[in-house]
Amino acid sequence: MNRFIKSKIVVVLAVFGVIATINAQNVDFSFENTELSIDKRVEILVSQMTLEEKIEQLRNGAPAIPRLNVPDYDWWNEALHGVARNGKATIFPQGIGIGATFDPVLAEKVASAISTEARAKYIISQKHGNHSKYAGLTFWTPNVNIFRDPRWGRGQETYGEDPLLTSKIGIAFVKGLQGNDPNYLKSAACAKHFAVHSGPESMRHHFNAEPTQQDLYETYMPAFEALVKEAKVEGVMAAYNAVYGKPAAASEFLLQDVLRDEWNFDGYVTSDCGAISGISNKLKYVKTPVEAAAVALQAGTNLNCGNTYKNLKKAIDQGLITEELVHNRTKQLFKTRFRLGMFDKSNTNPYLNVGPEHIHSKEHVALAREAAQKSIVLLKNKNNTLPISKDVKVPYVTGPFANSADVLMGSYYGISPGIVTVLAGIADAVSLSSSLNYRSGALPFHKNINPKNWAPNVAAESDVTICVVGLSADREGEEVDAIAAEYVGDKIDLKLPQNQIDYVQTMAKKKKGPLVLVIASGSPVSLEGIEEHCDAIIQMWYPGEQGGNAVADVLFGDISPSGHLPITFPKNVEQLPSYEDYSMKGRTYKYMTEEPMYPFGFGLTYSKTEIKNLKLSNTKLRKNGTLEVSVEVTNVGNYDIDEVVQLYVSPKENKDNLPLQSLKAFKRITLAKGITKTVSFTLSAEELKVIDTKGAKVWRKGAYKIIVGNASPSKQSVKLGAAIPQEQIIYLK
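Rules behind the numbers
- Residues numbered from 1 in each chain as written.
- Predicted model: local features only at pLDDT ≥ 70, side-chain atom pairs only at ≥ 80, totals over all residues.
- Heavy atoms only, no water.
- Phe/Tyr/Trp six-rings, centres within 6.5 Å; stacked < 30°, edge-to-face > 60°.
- Lys NZ or Arg CZ within 6 Å of the ring centre and 35° of its normal.
- Buried < 20%, exposed > 50% of the residue type's maximum accessible area, 1.4 Å probe, protein only.
- Helix = DSSP H or I, 4+ residues; strand = E, 2+ residues; numbered from the N terminus.
- Pairing = 2+ DSSP bridges.
- Salt bridge = Lys/Arg side-chain N within 4 Å of Asp/Glu carboxyl O.
- Axes fitted to C-alpha atoms, helices over the stretch in contact; angles between N-to-C directions.
- Parallel < 35°, antiparallel > 145°, perpendicular 65-115°, else oblique.
- Left-handed = near helix turned anticlockwise from the far one by under 90°.
- Contact = heavy atoms within 4.5 Å.
- Nonpolar A, V, L, I, M, F, W, Y, C, P; charged D, E, K, R; others polar.
- pLDDT = per-residue confidence, 0-100.
- Disulfide = S-S within 2.5 Å.

### Focus: the packing of aromatic side chains
Turning to step 1, where the next piece is worked out: This structure, assessed with the given rule, holds 24 aromatic pairs.
Turning to step 2, where the next piece is worked out: When the centroid spacing of 6.0 Å and the interplanar angle of 45° are considered together, the rings of Phe334 and Phe343 count as tilted.
Turning to step 3, where the next piece is worked out: By way of ring pairs, the aromatic residues Phe29, Phe31, Phe334, Phe338 and Phe343 are connected into one cluster.
Turning to step 4, where the next piece is worked out: Positioned over the ring face of Trp76 is Lys133, at 4.2 Å from the centre of the ring.
Turning to step 5, where the next piece is worked out: Sitting over the face of the ring of Phe681, Lys667 holds its NZ or CZ atom 5.5 Å from the ring centroid.

Dropping the structure here:
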């Protein structure tokens, strides 16, 4: 029922003995009526705000408007791999690890668990009057930028280098965060950073990205488009940098032409934090903060993470923008708040009664362990070194990160009371008869201060040595957080710190039993000078709070490793183009011509997979047809496994600068030992189109290879132990 209240406030003014009675304005509270459309409700509410009140609502720390029953709200919240910066929460694997699972179903479960905890924490915070930053429901997650260069410190936040994989995992994550109710959002996700943003960190406030139209629509745009069109993501964050000469937060091309007109986006756009002030003081696109605020609002940025929008009244006075524009931009923000149920009195919102028992629940901890297990990539397993018997007599755990909790967490993390280090996980897994020993042996990033070090000698007395090396979010990450990074969060090369390299090489000379290397990082590391000395190598990424248990589960064979690389591991930095160059030439598995150390999509198991009998429904296809592809996948080894079957398309003739090969479909399957499964894919004509040099999606006639395997197709993949891929030619007519 509509509710209209006429309130009368009597104010006694003891000014020169004068008593005055002031009649407050009439307030229409019918915006609380859930039977009205959101558009109508928002219009009723926002139309009653003063211009000054609307302007204040356009900043991330939006104040309360008591007379309208509008509470204060801070839009800045983080949930990259768990509710972050807001106390107790389950910590799941970092984004790059979720990408390594190649498992959208799992990604949605993880995101759903995160949003459940977020709702529970929000309800508690509201009851206690905590409306602070990080205690809300609008999460600036996920990061779907393409990890185009392994030197980028924030690449760990992404799902890897491939647009399709990033899209599929990103869609699933958004759906998990936002829920499946037709009327309410469980929480609001946000696709960032739009667009063409992936380092260098030191230049992120200043650089201008000018990719070719082909690279823009082949590589940089697809994930954003997918999240908008397929996942209905509620928010989009504009990047710091400029694109084609215009700051992303002031780009009508990005925010109006593409996002709203072409993709029909109906959510809110936020700036990255401080980006609008950077329009004038860093990118020098305009001269004053007033102009910066005006061009950002005009282009389509609804929310200013920062304070530059305080100048919007001056911008109106100077004729740069209109009050109507402020009104419309404010309405979009309240659409999101209404979709979250923040102004509803009814009990129809299914997310109103999520209890505290869901925060860091046993189920969520178990899910964190499963996700970490599935993210771990086995890169090498010489002579079946792994799995290790739990009854091993003298196991030795060493390395700078063997007993580190920080290395499990990555960036943008929550706080967990249940963090399990690799050392703790191994200690809990091995037999009580085992004489487990531990020494760190090496400082993380600096040469040992004391020249005496007994740790390498212990390897000479041990049946197996497990050495945990790598990086951490202190070494690679966002410019303001990576305090141990010499290059403002990025890496200048791909090597491990020299003291870690020296330590591994010293142990390799002294070891009695096999040497197992466990790598913690959010990005590719070069193993030149190390790989040949190690009997087994696993990549654990930043695996979250259950990382230690998950690593132990893999090392001792409770589960077979099943992660696959979501990014190419080059041999060295010399194989990479200039970091500052946003051309995709020579980058990622799609355009790289040099042989990498470990290819995209690669990952071993404890068994052996054979792929046979590739069948196509047609070898000639017209642009209104579909292609059915099937293969037989057999586990011919002795372990039950999960496998990731991957389908690639490669042009036989490439005169148009097309990708050398492109991932077009993938499926993660469970495969018991000795079992054969038929795996099928359906490719639409739309999926077989290519992006031409003008950025258009076109049907390009000619011959293409359809390749199905369990890694990106290359001699190196097969040499390292991937299944021999199957391929056939198809002709697009």
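There's more to say after this.
### Notes on the pairing of strand β14 (residues 464-470)
Turning to step 1, where the next piece is worked out: The element β14 is largely enclosed, with a buried count of 7 among its 7 residues.
Turning to step 2, where the next piece is worked out: Of the two faces of β14, the one carrying Val464, Ile466, Val468 and Gly470 and the one carrying Thr465, Cys467 and Val469 are both buried.
Turning to step 3, where the next piece is worked out: Pairing analysis gives 4 bridges linking strand β12 (residues 395-398) to β14, with the strands arranged parallel. Residue pairing across strands places Tyr396 opposite Thr465, the latter belonging to β14.

### What about the pattern of salt bridges?
Turning to step 1, where the next piece is worked out: Inspection of every chain in the model, using the stated rule, returns 33 salt bridges.
Turning to step 2, where the next piece is worked out: Close ionic contact of Lys335 with Asp266 constitutes a salt bridge, the shortest N to O distance being 3.1 Å. A residue pair is termed long-range when its members are at least 10 positions apart, and Lys335 in helix α12 (residues 323-339) and Asp266 in the loop between α8 (252-262) and β10 (268-271) qualify at 69 residues.
Turning to step 3, where the next piece is worked out: The partner of Arg369 in a salt bridge is Asp553, and the shortest N-O contact between them spans 2.9 Å. Within this pair, whereas Arg369 is found in helix α13 (residues 362-375), its partner Asp553 is found in helix α18 (residues 547-555), the two being separated by 184 residues in sequence.

### A short note on the packing of helix α1 (residues 38-46) against α12
Turning to step 1, where the next piece is worked out: Running from N to C, α1 and α12 point in directions that differ by 125°, and their axes come no closer than 9 Å. Considering the angle they form, α1 stands oblique to α12. At the point where α1 passes α12, the crossing takes the right-handed sense. The residues of α12 that touch α1, namely those facing Ile38, Asp39, Arg41, Val42, Glu43, Leu45 and Val46, are His327, Thr330, Lys331, Phe334, Lys335, Phe338 and Arg339.
Turning to step 2, where the next piece is worked out: Within the contact of α1 with α12, the residues separate by chemical class into 6 nonpolar, 2 polar and 6 charged.

### Considering the confidence of the model for the protein chain
Turning to step 1, where the next piece is worked out: A residue-level look at the protein chain finds 97% of positions with pLDDT of 70 or above and a mean pLDDT of 95.
Turning to step 2, where the next piece is worked out: In this model residues 1-24 is a low-confidence stretch, pLDDT under 50, and it forms 27 contacts with partners more than four residues away in sequence or in other chains.

### A look at the sheet that holds strand β8 (residues 242-243)
Hydrogen bonds between backbone atoms are what pair the strands of a sheet, whose relative direction is either parallel or antiparallel.
Turning to step 1, where the next piece is worked out: Judged by pairing direction, the sheet is mixed, and its 3 strands sit side by side in the order β6-β8-β9 without closing on themselves. The sheet terminates laterally at β6 (208-209) and β9 (246-247), the two strands that pair on one side only.
Turning to step 2, where the next piece is worked out: Note that β8 and β9 share 2 bridges and pair antiparallel. When the bridges of β9 are listed, Val243 appears paired with Lys246.

### Here we look at unusual backbone geometry
Turning to step 1, where the next piece is worked out: Residues Lys192 and His193 are joined by a peptide bond in cis, for which omega reads -5°.
Turning to step 2, where the next piece is worked out: Here His193 lies in strand β5 (residues 190-194).
Turning to step 3, where the next piece is worked out: Here the bond from Phe194 into Ala195 is cis, since omega is 10°, no more than 30 degrees from zero.
Turning to step 4, where the next piece is worked out: Examined against the element boundaries, Ala195 turns out to sit in the loop between β5 and β6.
Turning to step 5, where the next piece is worked out: Located in the positive-phi region is Val196, a residue other than glycine, with phi close to 55°.
Turning to step 6, where the next piece is worked out: Considering the arrangement of structural elements, one finds Val196 in the loop between β5 and β6.

### A few points about the pairing of strand β16 (residues 536-539)
Turning to step 1, where the next piece is worked out: Neither face of β16 is left uncovered, since the one carrying Ala536 and Ile538 and the one carrying Ile537 and Gln539 both have all their residues buried.
Turning to step 2, where the next piece is worked out: As defined by bridge partners, strand β11 (residues 377-381) adjoins β16 across 4 bridges and the pair is classed as antiparallel. Looking at β16, one finds that Lys380 is bridged to Ile537.
Turning to step 3, where the next piece is worked out: The pairing of strand β15 (residues 515-520) with β16 spans 4 bridges and is classified as parallel. Its bridge partner lying in β16, Ile519 is registered against Gln539.

### Examining the sheet that holds β5
Turning to step 1, where the next piece is worked out: Read from one edge of the open sheet, 3 strands run β5-β7-β10, paired in parallel fashion. Each edge of the open sheet carries a strand with a single partner, namely β5 and β10. When strand polarity is set aside, the average angle formed by the axes of neighbouring strands in this sheet is 25°.
Turning to step 2, where the next piece is worked out: The pairing of β5 with strand β7 (residues 235-238) spans 3 bridges and is parallel. By the bridge assignment, Cys190 is partnered in β7 with Gly235.

### Focus: the state of the cysteines
Turning to step 1, where the next piece is worked out: Under the definition given, this model contains 1 disulfide.
Turning to step 2, where the next piece is worked out: The structure places no disulfide on Cys190, whose sulfur is separated from the nearest cysteine sulfur, that of Cys273, by 10 Å.
Turning to step 3, where the next piece is worked out: The closest cysteine sulfur to the non-disulfide-bonded Cys467 is located on Cys534, 7.9 Å from its own sulfur.
Turning to step 4, where the next piece is worked out: Given a relative accessible area of 0%, Cys467 falls into the buried group.

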